[in-house]
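Summary of structural features
Given next are the chains, with one letter for each unit.
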Amino acid sequence: MKSRFILFAAALPLALLGASPSTTYAKHRAATQHAQSAHVMLDPDTLKWGDAPPALEKGAQMVVLSGNPGKAGWYVIRLKTPAGFKVAPHWHPTDEQVTVMQGDFSLKMGAGDSEHAHTFAPGGYALLPAHMQHAASTQGGAI
């Protein structure tokens, strides 16, 4: 099966995903020993993937590319999801940016009568404003 990924850039503490920020960050930080530096350059074959936070379905993997998800401020993570993966409806206290790198990725934004759904192909991008209700899924897996 092909690997699939989603790139997220947000100022969302991982504690909101049900994970301990300090342990989750340490677990996924291995790929970016220099994460505190303003300059980060990584090749895909150097990334060290680990299990995603427990609030997400099993099977997803994550790596921190820059920043510190356990602290305030911007950070970038990459999320690899298997076929059939879903993220339950939720919201974030800050904006979230999503770039689809591989696979298919669907977002359902809003709630009730104001729902809007869209499926993104590789290269697709979404900006989800703070407090916007949304859910996500993939049929074939995504990066």
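All values derive from a computational prediction rather than experimental measurement.

So, about the pairing of strand β9 (residues 125-128). Across the two faces of β9 the burial differs, with Ala 126 and Leu 128 buried and Tyr 125 and Leu 127 not buried at all. Where strand β6 (residues 96-100) meets β9, four bridges bridge the pair, whose relative direction is antiparallel. Bridging from a neighbouring strand, Glu 96 pairs with Leu 128 of β9.

For the structure shown, the criterion picks out zero aromatic pairs. One cation-aromatic arrangement involves Lys 80 over Trp 49; the distance from NZ or CZ to the ring centre is 4.5 Å.

Time to look at the environment of Pro 82. Following the sequence through the fold, Pro 82 ends up in the loop between β4 (75-80) and β5 (86-90). Residues Pro 82 and Ala 142 lie 60 residues apart in sequence; the distance between their C-alpha atoms is 6.8 Å. For Pro 82, the contacting residues outside a window of four places in its chain are Gly 59, Ala 60, Thr 138 and Gly 141.

Moving on, we come to the confidence of the model for the chain. Per-residue pLDDT for the chain has a mean of 79; in total, 71% of the residues score no lower than 70. Scored below 50 in pLDDT, residues 1-35 makes 118 contacts in the model with residues more than four places away or belonging to other chains.

Hydrogen bonds between backbone atoms are what pair the strands of a sheet, whose relative direction is either parallel or antiparallel. Taken together, the four strands give an open sheet; going across it, the order is β5-β10-β7-β8, and neighbouring strands pair in antiparallel fashion. Two strands in the sheet have a free side with no partner beyond their single neighbour: β5 and β8 (116-120). Sheet twist, expressed as the mean angle between neighbouring strand axes with direction ignored, is 10°. Bridging between strand β7 (residues 105-109) and strand β10 (residues 134-137) involves four bridges; their strand directions are antiparallel. The partner of Leu 107 across the bridge, within β10, is Ala 136.

Following the sequence through the fold, Asn 68 ends up in the loop between β3 (61-66) and β4. In this structure the side chain of Asn 68 is engaged in a polar contact, spanning 2.7 Å, whose partner is the backbone nitrogen of Gly 70.

Most of β4 is tucked away: five of the six residues are buried. Examined bridge by bridge, β3 and β4 share five bridges and lie antiparallel to one another. Each bridged residue has a counterpart across the sheet, and for Ser 66 the counterpart in β4 is Val 76.

So, on to the nonpolar core. The biggest cluster of nonpolar side chains holds 20 residues, and the ones touching the most others in it are Ala 52, Leu 56, Met 62, Leu 79, Phe 105, Leu 107 and Phe 120. Of all the elements in the fold, those that place two or more residues in this core are β3, β4, β6, β7 and β9.

Quick look at the environment of Leu 65 now. By the secondary structure assignment, Leu 65 is in strand β3. Here Leu 65 falls in the buried class, since its relative accessible area comes to 10%. C-alpha separation for the pair Leu 65 and Arg 78, spaced 13 residues apart in sequence, amounts to 7.0 Å.

Criteria and cut-off values
- Residues numbered from 1 in each chain as written.
- Predicted model: local features only at pLDDT ≥ 70, side-chain atom pairs only at ≥ 80, totals over all residues.
- Heavy atoms only, no water.
- Buried < 20%, exposed > 50% of the residue type's maximum accessible area, 1.4 Å probe, protein only.
- Helix = DSSP H or I, 4+ residues; strand = E, 2+ residues; numbered from the N terminus.
- Pairing = 2+ DSSP bridges.
- Phe/Tyr/Trp six-rings, centres within 6.5 Å; stacked < 30°, edge-to-face > 60°.
- Lys NZ or Arg CZ within 6 Å of the ring centre and 35° of its normal.
- Contact = heavy atoms within 4.5 Å.
- pLDDT = per-residue confidence, 0-100.
- Axes fitted to C-alpha atoms, helices over the stretch in contact; angles between N-to-C directions.
- Polar contact = N/O pair within 3.5 Å; in protein donor to acceptor, adjacent residues only side chain to side chain.
- Core = buried A, V, L, I, M, F, W, Y, C linked by side-chain atoms within 4.5 Å.

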